[in-house]
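Structure at a glance
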Amino acid sequence: MDFDQLKLIKNENERISALYTMFNEDSRLSKSKAARVEFITTMRYIEKYLKKDSKIIDIGAGAGEYSLHLAKMGYSVSAVELADTNVAAFRNKLTPDLNVDLHQGDACDLSSFTDNSFDIVLLLGPLYHILDQENREKCIAEARRVCSVSGVIFFAYISNDMVILTETFKYDGDYLKMGNYNKQTFAVNNFPFVFTTASAAREELVANGILIKHEVAVDGVSELLADKINKLDDEGYQNYLDYHFYCCEKPEMLGRSNHMLFVGCHNPTC
């Protein structure tokens, strides 16, 4: 499978599943110190809302990085993942002592779960895969539906504006000249992922009934500066994390992050 073949797959779910035969999601969040920043920061925000008896659903769970970590902390986790490759990697890491209920399924159809049944809803991948607007709205609506009245939902996006910098200065020096983006609007072509500006992400969530509590530049410049971050000793890495935590929720930093995390709820009393 290559990108040209991937483009020929018209069914969105089949295309998403095929994509993960090309990308190794199993090691994405753990392969280096720089890569780990996204996970560490996301968990920092999840832990703000965890309670002893919290019920958790991980929608678009990938290879299980968050589900397994939360299960090891003692929580009961329901996980939903679409891609065959990710489901197989996830199952391979499950052990009998972990309270994880793994389903292979679609983030736009959570009909096997009842209304208001989870205190923590993780949607940390689907919105940078789903292009069809109707399906995006279904996905957010389903996350809202299964979230309890006092529950919290975590939404991840890929930042259109940071991707251009990362592609240019880390992967492809000719990207600004030859890259697959609109040279007037700087909108990156939504392939193989869906790229979103900070303002568009915010508008989408608000339009779909989400009350935003936090907006987080969840990995900041970590991918762009990965070579330098990975050379830091343990003390230097902790200093970098402290700086990152200091600035990751500053509004002016949000778009300067490869991934953005929005934390919200659907009830004014949450």
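Quick summary incoming for the structure in this document. (Residues numbered from 1 in each chain as written. Predicted model: local features only at pLDDT ≥ 70, side-chain atom pairs only at ≥ 80, totals over all residues. Heavy atoms only, no water.)

**Section: the pattern of salt bridges**
Threshold: In the sections that follow, a salt bridge refers to a side-chain nitrogen of Lys or Arg positioned within 4 Å of a carboxyl oxygen of Asp or Glu. Under the DSSP-based scheme used, a helix requires at least four consecutive residues in state H or I and a strand at least two consecutive residues in state E, with every element numbered from the N terminus. For each residue, the accessible area found with a 1.4 Å probe, counting protein chains only, is set against the maximum for its type, and the residue is called buried under 20%, exposed over 50%, and partly exposed in between.
Tallied over the entire structure, the rule returns eight salt bridges. Note that Asp-115 is salt-bridged to Arg-145, the shortest N-O span being 2.7 Å. Here Asp-115 is found in the loop between strand S3 (100-104) and strand S4 (118-123), whereas its partner Arg-145 is found in helix H7 (residues 133-146), with 30 residues between them in sequence. For Arg-145, a relative accessible area of 23% translates into the label partly exposed. Of the charged contacts in the structure, one is a salt bridge between Glu-134 and Lys-138, with a shortest N-O distance of 3.9 Å. Of this pair, Glu-134 and Lys-138 both sit in helix H7, four residues apart, which is roughly one turn of the helix. For Glu-134, a relative accessible area of 52% translates into the label exposed.

**As for the nonpolar core**
Keep this limit in mind: We call a set of buried Ala, Val, Leu, Ile, Met, Phe, Trp, Tyr and Cys residues a nonpolar core when their side-chain atoms join them within 4.5 Å. The contact rule is simple, with two residues in contact once any of their heavy atoms fall within 4.5 Å.
Judged by nonpolar contacts, the single largest core of 39 residues is most densely connected at Ile-46, Leu-70, Leu-122, Phe-154 and Leu-261. Apart from residues no more than four positions distant in its own chain, Leu-261 is found in contact with Thr-42, Tyr-45, Leu-124, Phe-154, Phe-155, His-214, Glu-215, Val-216 and Val-218.

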